[in-house]
Amino acid sequence: MTAFAIVNARLLDPSSDHDGPGAVLVQDGRIAEVVRGTAYQRPEGLQIIDAQGACLSPGLIDIRVKTGEPGAEPKETLKSASLSAAAGGVTTIVIQPDTDPAVDDPAMVDFIHRRGAALNLVNVYAAGAATQGRDGQRMAEIGLMHEAGALYFTDGDRVIANTRTLMRVMSYAGAFNALIACRPADPWLSEGAVATSGELSTRLGLSGAPAIAERIQLERDLALVEQTGARFLVDQISTEGALACLARARAKGLEVAASVSINHLCFNELDIGDYRTFYRLDPPLRAEGDRQALIEAIRDGLIEAVTSAHAPAPAEDKRRPFAESAPGAVGLETLLPAALTLHHQDGLDLLDILRPLTSGPATLMGLDSGVLEPGAPADLMLFDPDAPIVIDAAMLRSKSKNSPFDGRRLQGRVLGTWVGGRQVFAA
Amino acid sequence: MSQTTDLADRIKERLVPFPRPHFLSAGDLNPPAALALLDLADEFVAHNRAMDGRPTLDLMAGRTVVNLFFENSTRTSSSFEIAAKRLGADVVTMPVTASSVSKGETLIDTAVTLNAMKPDVLVIRHSASGAADLLSQKVGCAVVNAGDGRHEHPTQALLDLLSLRRAFGDVGGLTIAICGDIAHSRVARSNVALLSMMGARVRLIGPPTLVPGDADRWGCEVFHDMREGLEGCDVVMMLRLQLERMAGDLVPSTREYFRFWGLDREKLAWAKPGARVMHPGPMNRGVEIDSDVADDLSVSLIQDQVEMGVAARMAVLAALSLRNDGAVR
């Protein structure tokens, strides 16, 4: 593989808190040299890419991506998801196990990894189901899936309501030091809910789940973590109350991480006001106070991973009354500009918002990417943080077009994406 | 004097009373008592091997041993039956399904009824932990615990100790790994107590869901990784995966269990060179142990354990009889 250098860039490396001019030399798919400052000597014969002052950062790592493949390919295939990721500056995606059949055995993990590798676009990993068929009752083959390369274990949007099962899953996973992720949502308080309980949902006539449903379940999960010593990821945290639980667990020394979807950082419950089903999400959009608390948690480093929560749903699933529409939104291609609104509108430092999109999830998943360091994979993203864009869902590469950002004016544009030193997207 | 007479004399010389009126737990023994039983059992091994059609011993002639098995167990039941018969006792084996227990009679009712028949020894196996203890409080004869729930199986521990002493000379200083379904294993509990008492270093290895949370307080090292746990071990004692005792699944599948905790050649190579393998039986081949290992007599002590079972139980029955009425002849 040929060597090249991206020069004249603004290097953004959250893992070392570096934000400044510099250049990156890539050789054999890995970062060979990182030059901080402007004193880079251009060797003869080396391919040079002049960034012209644009930002160069590690490629984004998205640990929560749904596809339709296998089982529901019209929604999304691994190929369309990979193309969408590459266009969004996302160099690593972790596929959720809620396919049909579910990713609950090592052969399915292997299938996802082989298909992803054959596409030769972005890095594709699988998350394995924690229980067989994601039924919340019978433990899945966590050890064999771990061995097959599954990065973590989760039943996705389904809550493992059976406390005994979850305790056994957590306890058993300890033998492999495997990460278990759970959605914090009390299944009874959340049953049938399509919005957050409150004045708005009452007015709209939508059934709502109280914010406390998240905290109640999280308290249970954290008690089990304390009991079993499991490595645990709070999947899609969305309320201020749950953040307080998380902080207390951290203070006690529990090994607990958390992720949040970009949607819950960018929108609040008022966005569902006109019953637009693109805002029908799970967990539902919360109050503005919750959104502000989540942004503060990003700033404070309480949250390790921001995800796109990419959940493709074709038009036939979304063109329904709000309560009957499928929850979820696509997000791979809009992840970066959406995240940059937190910089432009909410005052988050660029490094602070990039950290849970790069080094944070890399560390959590045990990946050696997500950093600008010699020896790391040359998974890179070049972007203009200020370029104004208007999101047009029809133009997204995803097979499904259910984007809540459709028609929104955002700032931030991906200029180029490299995976293992190979360019997979150029604007 | 003939060889047989020599052996019978040696047995009588070795015969000492059991230290307690019942054998309910490995904790009923102390090191001198355990060694005395092992010495006696060694003589019974020699006797059993030399029998060759010659008459049984008459140490328990006229005594009655009742085998009361509330759980199916051909192996242990037969072992006790043969042991008692070789000592000259009359043996009644009562499987549960053929007894009035299956008609709703309580354990205590059964005990009182049996007690009226004046047996000398009751051998009991029951699915409830503590059943043997309860029975011992209600009868006037000696009670031997042949396995109560997930509590204890002391004669298994004694026969394992006998097998190990014959293979290694002395268990003091040995490092012994007990692997697998520790949580449901009465064999593990009895062995941990007895082997530790005799100076062995005992390790427990198994998935976290099958190792009790407080096992590290048993005086053992606990491992969840076979490679780490087996390193430096002289003995690898595999346990049966007791799927029937599990409420809900504690391991995802038997194939995954075998992959990580089943003993095969590759994993055995992680133990000390020359390490020996044990299993209390019955084995789930391909689940907790590979046939290739189980059937290799150069490493496996499993057949020895079966043979030692009869001798160890003979020693226990004879010593208990001596203790309780001094009338062993």
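About the thresholds
All chains use their own residue numbering, which begins from 1 and follows the written sequence. The naming scheme follows written order: chains are lettered A onward, ligands numbered 1 onward. Only residues with pLDDT of at least 70 are given local features in this predicted model, and only at 80 or more are side-chain atom pairs given and counted; all residues enter the totals for whole chains, interfaces and linings. The side-chain figures draw on all heavy atoms in the structure; neither hydrogens nor water molecules are used. UniProt positions are given in the numbering used here, feature names are shortened, and annotations may be inferred rather than shown by experiment. Strands here mean DSSP runs of E at least two residues long; helices mean DSSP runs of H or I at least four residues long; both are numbered from the N terminus. With the radius of gyration taken over C-alpha atoms, the globule rule is written as 2.2 Å times the number of residues to the power 0.38. Three exposure classes are used, based on accessible area relative to the maximum for each residue type with a 1.4 Å probe and protein chains only: buried under 20%, partly exposed in between, and exposed over 50%. Residue contacts are defined here by distance: any two heavy atoms, one from each residue, within 4.5 Å place the two residues in contact. Surface exposure here means Shrake-Rupley accessible area, sampled with a 1.4 Å probe, where a residue is shielded only by the protein chains that are shown. Paired strands, in this sense, are two strands between which DSSP finds at least two bridges. Orientation is described by axes fitted as lines to C-alpha atoms, over the contacting stretch for helices, and by angles from 0 to 180 degrees between their N-to-C directions. When describing relative orientation, an angle under 35 degrees is termed roughly parallel and one over 145 degrees roughly antiparallel, while 65 to 115 degrees is termed roughly perpendicular and anything else oblique. Under the convention adopted here, Pro, Cys and the residues Ala, Val, Leu, Ile, Met, Phe, Trp and Tyr are nonpolar, Asp, Glu, Lys and Arg are charged, and Gly plus all remaining residues are polar.

- Looking up chain B in an unreviewed UniProt entry gives the name Aspartate carbamoyltransferase, with the organism given as Brevundimonas vitisensis.
- We quote the UniProt Subunit (unreviewed entry) comment for chain B here in full: "Heterododecamer (2C3:3R2) of six catalytic PyrB chains organized as two trimers (C3), and six regulatory PyrI chains organized as three dimers (R2)."
- Listed in UniProt under the heading Sequence similarities (unreviewed entry), the comment for chain B reads: "Belongs to the aspartate/ornithine carbamoyltransferase superfamily. ATCase family."

- Per an unreviewed UniProt entry, chain A carries the name Dihydroorotase and comes from Brevundimonas vitisensis.

## As for the overall build of chain A
Line of reasoning, step 1. Helix and strand content of chain A: 13 helices and 18 strands.
Line of reasoning, step 2. A compact globule built from 427 residues should have a C-alpha radius of gyration of about 22 Å, and chain A, at 21 Å, falls within 12% of that.
Line of reasoning, step 3. By principal-axis analysis of the C-alpha atoms, chain A measures approximately 65 × 50 × 45 Å.
Line of reasoning, step 4. For chain A, buried positions account for 62% of its 427 residues.
Line of reasoning, step 5. Across chain A, the fraction of contacts at a sequence separation of at least 24, relative to all contacts at a separation of at least 6, is 74%.
Line of reasoning, step 6. Just so you have it, chain A exposes about 15500 Å², and 48% of that area is on carbon and sulfur atoms.

## Structural notes on the sheet that holds strand 5 (residues 175–179) of chain B
Adjacent strands of a sheet form backbone hydrogen bonds with each other and so pair up, either parallel or antiparallel.
All names here are of chain B.
Line of reasoning, step 1. In space, the 5 strands of this open sheet follow the order 7-6-5-8-9, with parallel pairing throughout. Either end of the sheet is taken by a strand with one partner, and the two such strands are strand 7 (221–223) and strand 9 (276–278). Taken over all neighbouring pairs, the strand axes of this sheet differ in orientation by 20° on average, direction set aside.
Line of reasoning, step 2. In terms of strand pairing, strand 5 meets strand 8 (residues 235–238) through 4 bridges, oriented parallel. By the bridge assignment for strand 8, isoleucine 178 is matched with methionine 237.

## Examining unusual backbone geometry
Line of reasoning, step 1. Residue glutamate 69 of chain A is joined to proline 70 of chain A through a cis peptide bond whose omega torsion reads 0°.
Line of reasoning, step 2. Between glycine 281 of chain B and the following residue, proline 282 of chain B, the backbone shows a cis peptide bond with an omega angle of -10°.
Line of reasoning, step 3. Residues other than glycine seldom take positive phi values, yet asparagine 177 of chain A does so here, at roughly 50°.
Line of reasoning, step 4. Note that asparagine 177 of chain A resides in the loop between helix 4 (163–173) and strand 10 (179–182).
Line of reasoning, step 5. Even without a glycine there, the phi angle at lysine 118 of chain B is positive, about 55°.
Line of reasoning, step 6. Secondary-structure assignment places lysine 118 of chain B in the loop between helix 4 (107–116) and strand 3 (121–126).
Line of reasoning, step 7. What makes lysine 118 of chain B exposed here is its relative accessible area of 65%.

## Regarding the packing of helix 2 (residues 31–50) of chain B against helix 6 (residues 154–168) of chain B
Helices that pack against each other are described as a pair by the angle of their axes relative to one another and the distance between those axes.
All names here are of chain B.
Line of reasoning, step 1. Contact geometry for helix 2 and helix 6: axes closest at 10 Å, N-to-C directions at 75°. Judged on the interaxial angle alone, helix 6 and helix 2 are roughly perpendicular. For the pair helix 2 and helix 6, the contacting residues are Leu35, Leu37, Leu38, Asp39, Ala41, Asp42, Val45 and Arg49 in the first and Leu158, Leu161, Leu162, Arg165 and Arg166 in the second.
Line of reasoning, step 2. Tallied by class, the residues present in the contact of helix 2 with helix 6 amount to 8 nonpolar, no polar and 5 charged.

## Let's talk about the sheet that holds strand 6 (residues 60–65) of chain A
Residues and elements named next belong to chain A.
Line of reasoning, step 1. Strands sit in the order 6-7-8 across an open sheet of 3 strands; the sheet is parallel. This sheet does not close on itself; its edge strands, each paired only once, are strand 6 and strand 8 (123–126). Strand-to-strand twist of the sheet, defined as the mean angle between neighbouring strand axes without regard to direction, takes the value 20°.
Line of reasoning, step 2. Here strand 7 (residues 90–95) runs beside strand 8; their pairing, made up of 4 bridges, is parallel. Its bridge partner being in strand 8, threonine 92 is matched across the sheet by asparagine 123.
Line of reasoning, step 3. Contacts between helix 2 (residues 106–119) and the sheet are confined to strand 7 and strand 8, with strand 8 contributing the most and set at about 175° to the helix.

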